[in-house]
Amino acid sequence: MSKNLEGKVAIVTGAARGIGAAIARRLAEAGASVAVCDLKPEWCDETVKSLEALGVKAKGYGVNVAVSAEVDQCVKSVLADFGKIDIMVNNAGITKDGLLMRMSDDDWDAVIDVNLKGTFLFTRAVSRPMMKNKAPDGTQLGGSIINIASVVGIMGNAGQANYTASKGGVIALTKTTAKELGSRNIRCNAVAPGFIQSKMTDVLPEDVKKAYMDTIPLKRFGTVEDIAKAVAWLAGDESAYVTGQVLSVNGGMIG
Ligand code: NAI
């Protein structure tokens, strides 16, 4: 596979497992060094080992994406360890589902804080270092920021007022980031996954899974690799003229 990300440094949040771990692996396969971020540094160990086995530099960082000071400290540490940041993947996310009539303030705040504020905090923290990325001839190299949204951030979904609002917010934030940072060659796009096969979705009742499957023209659920491939494309120069976009990776599900 092409090593088109060789020499690049990426941060991936929520990379201990699931989609984040797959994204980190895919970026490493393309040659990128990866800062693996999750709530506890030891949770990152497995992902870090799998990346090192691919021959790239990788290191784990414990950071709560919803806490400003922790995010700023994490970005400082990554700069000290890797020297620069070219790719930022805001993937960490949580759900706390419930009908909105009964949703507590705490459940609303928790999901908005991690999914939306966390994306803002990391984007703000990496924007200055990315602006400093320049070629020897002074050409602005910038960077690529990729935010993981969701099909339900476009469609809405009963029982997920907090989550859908956070993901809709991520989409709007993506478009604004693209407008503010475009002149520095910093691109910002979102990937909106559909139904991705995961530990979370494995436990759903068969009739619920069938109802979802009926809405998917490609007649299969997505894999974490399907998402990782889309992210890797947005991270590299193959997508050099793409910014402010939402790439739906959902098997054709209405988005
Ligand atoms: P997951 O729950 O398997 O992994 C999320 C990771 O984020 C975990 O390692 C967790 O420890 C970490 N995390 C949670 N809160 C954090 C915080 N405050 N600070 C740092 N790290 C934190 O979830 P999954 O399925 O891999 O999802 C990844 C992203 O993809 C999320 O943004 C999710 O909303 C989105 N997504 C997932 C879909 C799916 O079907 N699994 C569908 C659409 C979007």
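Report on the accompanying structure. Source: prediction; values computed, not measured.

### Overview of the site of the ligand
Working step 1: Taken together, 26 residues surround the ligand, and among them Arg17, Asp38, Asn64, Asn91 and Tyr163 come closest.
Working step 2: Taking isoleucine 19, its main chain carries an N or O atom lying 2.9 Å from an oxygen atom of the ligand.
Working step 3: One of the backbone nitrogen or oxygen atoms of valine 65 is found 3.1 Å away from a nitrogen atom of the ligand.
Working step 4: Notes on the ligand: free accessible area 840 Å², of which the protein chains cover 90%.

### So, the pairing of strand 6 (residues 186-193)
Working step 1: Of all eight residues making up strand 6, eight are buried, and the element is well covered by its neighbours.
Working step 2: Side chains of strand 6 alternate between two faces, with Ile186, Cys188, Ala190 and Ala192 and Arg187, Asn189, Val191 and Pro193 buried alike.
Working step 3: Judged from the six bridges that link them, strand 5 (residues 143-148) and strand 6 form a sheet pairing that is parallel. Bridge pairing links serine 144 to arginine 187 in strand 6.
Working step 4: In the sheet, strand 6 pairs with strand 7 (residues 246-249) via four bridges, with the strands oriented parallel. Opposite alanine 190, over in strand 7, you have valine 246 as the bridge partner.

### As for the packing of aromatic side chains
Working step 1: Applying the stated criterion to the full structure yields two aromatic pairs.
Working step 2: Plain terms: the ring middles of phenylalanine 195 and tyrosine 212 are 4.9 Å apart, the flat faces sit at 55° to each other, and that makes the pair tilted. Within this pair, whereas phenylalanine 195 is found in the loop between strand 6 and helix 7 (199-202), its partner tyrosine 212 is found in helix 8 (residues 206-213), the two being separated by 17 residues in sequence.
Working step 3: Judged by relative accessible area, phenylalanine 195 falls into the buried class, the value being 9%.
Working step 4: Residue tyrosine 212 is classed as partly exposed on the basis of its relative accessible area, which comes to 27%.
Working step 5: Ring centres 4.0 Å apart and planes at 25° place the aromatic pair phenylalanine 195 and phenylalanine 221 in the stacked group. Of this pair, phenylalanine 195 sits in the loop between strand 6 and helix 7 while phenylalanine 221 sits in the loop between helix 8 and helix 9 (224-235); the two residues are 26 residues apart in sequence, bridging distant segments of the chain. The burial state of phenylalanine 195 is the same as that of phenylalanine 221; both residues are buried.
Working step 6: These aromatic residues form a ring-pair network of at least three members: Phe195, Tyr212 and Phe221.
Working step 7: It is lysine 57 that lies over the ring of phenylalanine 82; its NZ or CZ is 4.7 Å from the centre.

### Some words on helix 2 (residues 45-52)
Because the α-helix completes a turn every 3.6 residues, residues three or four places apart line up on one side.
Working step 1: Buried within helix 2 are the following residues: Thr47, Val48 and Leu51. An end-on view of helix 2 places all buried positions within 100° of arc, on one side of the element. Facing away from the buried surface of helix 2 by more than 90 degrees, the exposed residues are Glu46 and Lys49.
Working step 2: Buried positions along helix 2 lie against helix 1 (18-29), strand 2 (33-38) and strand 3 (58-62).

Conventions we followed
- Residue positions are counted from 1 within each chain, in the order its sequence is given.
- For this predicted model, a pLDDT threshold of at least 70 governs which residues receive local features, and a threshold of 80 or more governs which side-chain atom pairs are given and counted, while totals over whole chains, interfaces and linings are taken from all residues.
- Based on all heavy atoms of the structure, the side-chain values leave hydrogens and waters out of the count.
- If a single non-hydrogen atom of a residue is within 4 Å of a molecule or strand, that residue counts as near it.
- Polar contact criterion, stated in full: a pair of N or O atoms within 3.5 Å, where within protein one must be able to donate a hydrogen and the other to accept it, and residues adjacent in sequence count only if both atoms are side-chain atoms.
- Throughout, the Shrake-Rupley method with a 1.4 Å probe supplies accessible areas, and for residues the shown protein chains are the sole cover considered.
- Accessible area is worked out with a 1.4 Å probe on protein chains only. A residue is then buried under 20% of its type maximum, exposed over 50%, and partly exposed in between.
- Working definition: helices are DSSP H or I runs of at least four residues, strands are E runs of at least two. Numbering for both runs from the N terminus.
- When DSSP locates at least two bridges between a pair of strands, those strands are taken to pair.
- Ring pairs shown here join Phe, Tyr and Trp side chains whose ring centres sit within 6.5 Å, with only the six-membered ring taken for Trp; geometry is labelled stacked below 30 degrees between planes, edge-to-face above 60, and tilted in between.
- Charge over a ring is defined by NZ of Lys or CZ of Arg lying within 6 Å of the ring centre and within 35 degrees of the ring normal.
- Note that the arc is defined by the directions from the helix axis to the C-beta atoms.
- Residues are treated as being in contact if the distance between any of their heavy atoms lies within 4.5 Å.

Scope: geometric values only; no functional claims are made or implied.
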